[in-house]
Amino acid sequence: MLLLSAADFWVVKNVTGRVLVGLRWWNMVRENGESEWVFESVSDRKQVHAVDSTFFWAVLFGYVLLWLGVAFFNMFDPKWLVAILVPLSCSVTNAYGYAKCRKDWKKQGASLVMKHAQENP
């Protein structure tokens, strides 16, 4: 189960997000120990289909809710604690990373619109 959770985390983070919503993220640790979030996004937003995007975000956050529910109903059974907390932490990390990535993507889009508006009054 732990290997499947790790594989799911990697596929969602590196493949599914790039294919369905044109986003990719990772966290880099610098030499001084400081953590830095890095975001990639597709430059042409027309490549992202609305249905694919809606499906991606619904499943991404639905998966977090699913594992929160499983954790809630099994919180007093310690033998399943690790088997529940690993996929829960992976899904929460993916949701957090993509939420930050989407926020950065929207901010970039807004700055491009403002730049274009300033260049073409």
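The structure this text deals with has already been given above.
About the criteria used
Residues numbered from 1 in each chain as written. Predicted model: local features only at pLDDT ≥ 70, side-chain atom pairs only at ≥ 80, totals over all residues. Heavy atoms only, no water. Helix = DSSP H or I, 4+ residues; strand = E, 2+ residues; numbered from the N terminus. Buried < 20%, exposed > 50% of the residue type's maximum accessible area, 1.4 Å probe, protein only. Contact = heavy atoms within 4.5 Å. Areas by Shrake-Rupley, 256 points an atom, 1.4 Å probe, with all protein chains shown as cover. Salt bridge = Lys/Arg side-chain N within 4 Å of Asp/Glu carboxyl O. Pairing = 2+ DSSP bridges.

Participant: For the overall build of the protein chain, give the residues involved together with the corresponding values.
Facilitator: From N to C terminus, the protein chain includes three helices and two strands. Secondary structure elements of the protein chain occur, N-terminal to C-terminal, as α-β-β-α-α. Looking at the protein chain residue by residue over its 121 residues, the buried ones come to 28%. The long-range fraction of contacts in the protein chain, counting pairs at least 24 apart against all pairs at least 6 apart in sequence, stands at 65%. Surface exposure of the protein chain reaches about 8500 Å², of which carbon and sulfur atoms provide 67%.

Participant: Can you break down the pattern of salt bridges residue by residue, with the values?
Facilitator: This structure, assessed with the given rule, holds two salt bridges. For the salt bridge of E40 with R24, the shortest nitrogen-to-oxygen distance reads 3.5 Å. With E40 in strand 2 (residues 35–41) and R24 in strand 1 (residues 23–29), this pair connects stretches of sequence that are 16 residues apart. Note that R30 is salt-bridged to E36, the shortest N-O span being 2.9 Å. For R30, a relative accessible area of 41% corresponds to the partly exposed category.

Participant: Before we move on, could you go through the pairing of strand 1 and cite the residues and values that matter?
Facilitator: Bridge count between strand 1 and strand 2: seven bridges; the pairing is antiparallel. Residue L23 lies in a different strand from strand 2, and its bridge partner there is S41. From the end of strand 1 to the start of strand 2, which pair antiparallel, there are five residues, and G33 there has a positive phi angle of about 90 degrees.

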